[in-house]
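Reading the structure
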Amino acid sequence: MSLPIYATTGQKIWYYSFRVIVGLILFFLIAPIIIIIPLSFNAENFFTFTPKMLALDPEGYSLKHYRDFFSNPDWIRPLQNSLIIAPFATIISVSLGTLAAIGLSQSHVPFRRGIMAILISPMIVPLIISATGMFFFYSQMGLWMEETFGISKSLSGYIKVILAHAALGIPFVIITVTATLVGFDQSLTRAAANMGATPTVTFFRVQMPLILPGVISGGLFAFITSFDEVVVVLFVGAAAQKTLPWQMFTGLREQISPTILAVATVLVGISILLLATVEMLRRRSERLRGMSPS
Amino acid sequence: MAEQVLAADGTPLKASLNRALRRQKMRALVLIAPLLLFIMLTFIIPIGQMLFRSVENSIVADTIPRTVVALDNWDASGDAEPDEIVFQALFYDLFVASEAKLHTRLGSRLNYESSGISSLFRKSGRGLDDIADVYKDAFVDQNDVWADGAFWFEMMNTADGAPSADGVFAQQRDLLGNLTSSSVRKNIGFLPNQEIARALPLTTQTYTEWALYVANFDDDVVADEKPWESVYAALFDDLHAPGAAERLANYTGTGADELNSALAIVDTIPDQPYHAAFADLDDGWLSPDVWRTIQAYAPRFTSGYFLNAIDLQNTDDGVEWRPENEQIYLTLFVRTMIMSMTITISCILLGYPVAWMLANLPARKANMLMILVLLPFWTSLLVRTSAWKVLLQNQGVINDLLVWAGFVADDNRLALINNATGTVIAMTHILLPFMILPLYSVMQTIPISYLRAAKSLGATNWTAFWRVYFPQSVPGIGAGSILVFILSIGYYITPEIVGGTKGVFISNRIAYHISSSLNWGLAAALGAILLAIVLALYWAYDRIVGIDNVKLGG
């Protein structure tokens, strides 16, 4: 779509102004995320560029907000909670979700559409409604767990949040894994069975390596869903389960401290890593299945 | 007759194939079952329970069960307060409810329907002891033994081998279980005996209720404790009731002598009718309006929350609009819709050029630009919201920039946050990738040569775009719009942080009712309406695009 040499002046003007417009929109998309990175190195407790920063004076920059993030218990504790809850939720969503996706991809599944609708419903229902429903149900479930199994309030709190987050992450696993399985050649499993492999061996040595990229990116989606989730944990969890997004939310609503920008920058770094991983996995999966990367 | 085809093992091929198919279906279902069960338990049941809660209204019938039954015969259209029997029932209901500290809960519930009831319940809960103290003092003055918990226990309990009043026990257990919404199944080491239940029916009920309560909730031993004041009131009511002397004459068990001497002094105790006692606590109890509200909300199911959620109310003359100054929810629903629409349109306007550019650039360049779209998509929602909170502030980067460029005066900075503008800007940014990605995947399939063909047939640039390209991209716009619209009407976090009071959505109101006002029924009703809207939109989405075509990250 390059400009032909016979283009008129009007066409040239449109061609370039269109590019400028698109550039501005992309700037709108990316700028808010980029701009918080330099702001997080502010030596003052301001949320805007100080004259010193604009003059690129080293004294205008500092790591103090990062030091606060990694030393202040108000931030350490939520970070730990997030790192406890998200992996467990991911393991549950990925293990159950992968099995179900394999089941769903068989050629004859009764009530397939209905089952699919139920399984991806946590993604469809607005979070505030899921949170409301879970708020009522999980508080009773927590009491029941404490009475029946005699576990502590804090442990039952973690279990509640993990189960809730696992439910929210499942649609993403189902969608990515079923998408990978669409291109999966079922005759490979038959070939393996033909050569004497048990179903378990077939699954782990033939099917799993081929759909692994889809499983991992589904897992990353599930992880980020839990790691980034705030509405449900706000309603289901107690103060002992305060996660990083919850702490950020409280910070934003009550007294906003510049440390939040340092946290945000760290999280942006994590998203860049995740994005790169998912993109790499997608290409690898397409190559494995003999498709050309688009 | 055609010869039947046989499989290798000799069974008919048809049956053999059917069996294989059935086995395959079973295997698929076995793989799916654990997840289906998990989602049912952790997600579908909670949502169903929420929907149930939007019509459920057991609180009145659970907290004051005897009153509700007694109130059945009261004529709500008249101007008279209910009979003495209703007030008597209310006394025993409220007494146990206030011991369990649950009477205020009922007060707040009824307060949603008619303001002022909350304080009526709160005040009365504190005064109930005084009503009953008169009787307790009189009985104890007559004989010290009435203040002795062990004596009471011996009198009420079933001795070995004696018949017990199991019916009374089970009934009180159910009432207390409903009231406290917990199972009162502990073995309390007490069963009322049948003989005393015949002689002193009300006392037995009240004592049993007390025994169940202290053993289950205070972890006390029934025999060691002194009963509540309400038990003395019940004793008075029993002894004062017509036919008390005959009933007592047949009673020969423990405490028969003490009871007979108590019967002798009953007439000396000043008899204060319950309705007068309640009127002393608060004359609101004599108002038929209060009783009408209680009677109206006594059934276990109500449409009240749903009516409230759309600014209607139940009155004596049927369903009516709420007063003008109390109508907030319809406005909020309309605002949610309008703002979601604004956000969707902004996303179309901003997303269309970008998607077009991405679809028509060479793959390598398009992938580079795609990163700029995917990075925000992958970035934490909280990060993007905090970025906008920082940028849009009065002293934030955008206002600083505008002042520096001279567009606005320093003392007249733009109010970009804590209003609808802030919500629309931040949410457009957050939801834009959800518009660009479906648009892009549709546009990729439109061959650019159609445009050239149109032009070579004499169309202007605009005609070629509008008559040839645009119609083919409409499915992408539809998919993206529905997705963005659905996501935005249920948004909570961003409006809460950048929306102030003018830029909040219905979801913020739901959260408010859950965590601050504690009107959970209303929150559930609002949630049910929002859920219905979203499901209708998804049904449309499924029709247009197909749920299976939901794609993530391109």
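As the structure is a computational prediction, the values presented were derived from the model and not from experiment. (Residues numbered from 1 in each chain as written. Chains lettered and ligands numbered in written order. Predicted model: local features only at pLDDT ≥ 70, side-chain atom pairs only at ≥ 80, totals over all residues. Heavy atoms only, no water.)

Section: the overall build of chain A
Across its full length, chain A carries 12 helices and zero strands. Listing the helices and strands of chain A from first to last along the sequence gives α-α-α-α-α-α-α-α-α-α-α-α. In terms of principal-axis extent, the alpha carbons of chain A reach across some 75 × 70 × 30 Å. Relative to its full complement of 294 residues, chain A shows a buried share of 53%. When contacts within chain A are restricted to residue pairs at least 6 apart in sequence, long-range pairs at least 24 apart make up 64% of them. Of the roughly 13700 Å² of accessible surface on chain A, 69% is carried by carbon and sulfur atoms. Positive and negative side-chain charges of chain A, numbering 19 and 13 respectively, have mean locations separated by a distance of 12 Å. (Helix = DSSP H or I, 4+ residues; strand = E, 2+ residues; numbered from the N terminus. Buried < 20%, exposed > 50% of the residue type's maximum accessible area, 1.4 Å probe, protein only. Contact = heavy atoms within 4.5 Å. Areas by Shrake-Rupley, 256 points an atom, 1.4 Å probe, with all protein chains shown as cover. Lys, Arg positive; Asp, Glu negative; His and termini not counted. Charge placed at Lys NZ, Arg CZ, Asp CG, Glu CD.)

Here's the deal with the overall build of chain B
In terms of helices and strands, chain B carries 26 helices and two strands. What you see for chain B is a C-alpha radius of gyration of 35 Å, clearly larger than the 24 Å of a compact globule of 554 residues, by over 25%. Expressed as lengths along the three principal axes of its C-alpha atoms, the size of chain B is roughly 115 × 95 × 45 Å. Evaluated residue by residue, chain B yields a buried proportion of 50% over its 554 residues. Relative to all contacts within chain B whose residues are 6 or more apart in sequence, the contacts with residues 24 or more apart total 73%. Within the structure as shown, chain B displays about 25400 Å² of accessible surface, and the carbon and sulfur contribution to it stands at 57%. With 37 positive and 55 negative side-chain charges, chain B shows a separation of 26 Å between the mean positions of the two kinds. (Rg over C-alpha atoms; globule rule 2.2 N^0.38 Å.)

Regarding the packing of helix α6 (residues 117–142) of chain B against helix α13 (residues 256–265) of chain B
Residues and elements named next belong to chain B. Taken N-terminus to C-terminus, the directions of α6 and α13 make an angle of 120°; their axes are 10 Å apart at the nearest point. When the interaxial angle is binned, α6 and α13 end up oblique. Regarding α6 and α13, the two cross each other, and that crossing is right-handed. Facing A138, F139 and Q142 of α6, the residues of α13 in contact are S261, A262 and I265. (Axes fitted to C-alpha atoms, helices over the stretch in contact; angles between N-to-C directions. Parallel < 35°, antiparallel > 145°, perpendicular 65-115°, else oblique. Left-handed = near helix turned anticlockwise from the far one by under 90°.)

A closer look at the interface of chain B and chain A
Contact residues are listed per partner, giving 87 residues for chain B and 88 residues for chain A. Taking both partners together, chain B and chain A bury about 8100 Å²; carbon and sulfur atoms supply 81% of that area. Linking chain B with chain A are eight residue pairs in polar contact (both at pLDDT 80 or more). Ranked by residues supplied to the side of chain B that touches chain A, first place goes to helix α1 (residues 13–53) of chain B with 24 residues. (Buried area = accessible area lost by both parts, 1.4 Å probe. Polar contact = N/O pair within 3.5 Å; in protein donor to acceptor, adjacent residues only side chain to side chain.)

Focus on helix α25 (residues 506–515) of chain B
Counting buried residues along α25 of chain B, seven of its 10 residues qualify, which places the element largely inside the surrounding structure. Restricting attention to buried positions, one finds in α25 of chain B the residues I506, S507, N508, I510, A511, H513 and I514 of chain B. Residues of α25 of chain B that are buried sit in contact with α6 (127–149) and α10 (231–236) of chain A together with α17 (329–360), α23 (461–489), α24 (493–498) and α26 (520–544) of chain B.

Some remarks on the UniProt feature "transmembrane region" (unreviewed entry) in chain A
Feature annotation in UniProt places "transmembrane region" (unreviewed entry) on residues 20–41, 83–104, 116–138, 158–184, 210–240 and 260–281 of chain A, given in this structure's numbering. The annotated region residues 83–104 of chain A carries 100% helix and 0% strand content, and the separation between its end C-alpha atoms amounts to 31 Å. (UniProt positions renumbered as here; feature names shortened; annotations may be inferred.)

Thoughts on unusual backbone geometry
All names here are of chain B. Unlike most non-glycine residues, K101 shows phi in positive territory, near 55°. Relative to the helices and strands, K101 is located in the loop between α4 (84–99) and α5 (103–111). K101 gets classed as exposed once you look at its relative accessible area, which sits at 64%. The phi torsion at N418 lies on the positive side, around 60°, for a residue other than glycine. Structurally, N418 can be placed in the loop between α20 (397–405) and α21 (420–443). N418 gets classed as partly exposed once you look at its relative accessible area, which sits at 43%.

So, helix α1 (residues 9–39) of chain A
All names here are of chain A. Look at α1: 42 Å from first C-alpha to last across 31 residues, which is about the 45 Å you get at 1.5 Å a residue. By the largest-angle criterion, A31 marks the main kink of α1, which is about 45°, and a proline, P32, follows within four residues. Regarding α1, the residues found buried are Y15, F18, V22, I25, L26, L29, I30, A31, P32, I33, I36 and L39. (Expected span 1.5 Å × (residues − 1). Bend = angle between axes of the 7 residues up to and from the residue.)

Remarks on the domain arrangement of chain A
All names here are of chain A. We note that the domain assignment places domain 1 (9–60) and domain 2 (73–288) within chain A. The gap between the C-alpha centroids of domain 1 and domain 2 is 34 Å. Domain 1 puts seven residues into the contact, and the matching count from domain 2 is eight residues. Summed over both sides, the interface of domain 1 with domain 2 buries roughly 710 Å², with 86% coming from carbon and sulfur. When the area that domain 1 buries against domain 2 is broken down by residue, the three leading residues are I36, S40 and F47, summing to 64%. Taken together, the links from domain 1 to domain 2 amount to zero salt bridges. On inspection of domain 1 and its partner domain 2, the count reaches one residue pair in polar contact (both at pLDDT 80 or more). A breakdown of the residues in the side of domain 1 that touches domain 2 according to their chemical character gives five nonpolar, two polar and no charged. (Domains from an automatic or database assignment. Salt bridge = Lys/Arg side-chain N within 4 Å of Asp/Glu carboxyl O. Nonpolar A, V, L, I, M, F, W, Y, C, P; charged D, E, K, R; others polar.)

Here we look at the domain arrangement of chain B
When the domains of chain B are assigned, the result is domain 1 (1–53), domain 2 (67–294) and domain 3 (329–549). For domain 1 of chain B versus domain 2 of chain B, the distance between C-alpha centres works out to 57 Å.

Quick word on the packing of aromatic side chains
The tally for this structure, following the rule as stated, stands at 49 aromatic pairs over all chains. For the pair Y207 of chain B and W210 of chain B, a centre-to-centre distance of 5.0 Å together with 50° between the ring planes defines the contact as tilted. Of this pair, Y207 of chain B and W210 of chain B both sit in helix α10 (residues 201–217), three residues apart, which is roughly one turn of that helix. Ring centres 4.7 Å apart and planes at 20° place the aromatic pair W466 of chain B and F470 of chain B in the stacked group. Of this pair, W466 of chain B and F470 of chain B both sit in helix α23, separated by four residues, roughly a single helical turn. These aromatic residues form a ring-pair network of at least three members: W14 and F18 of chain A together with Y352, W356, W462, F465, W466, Y469 and F470 of chain B. (Phe/Tyr/Trp six-rings, centres within 6.5 Å; stacked < 30°, edge-to-face > 60°.)

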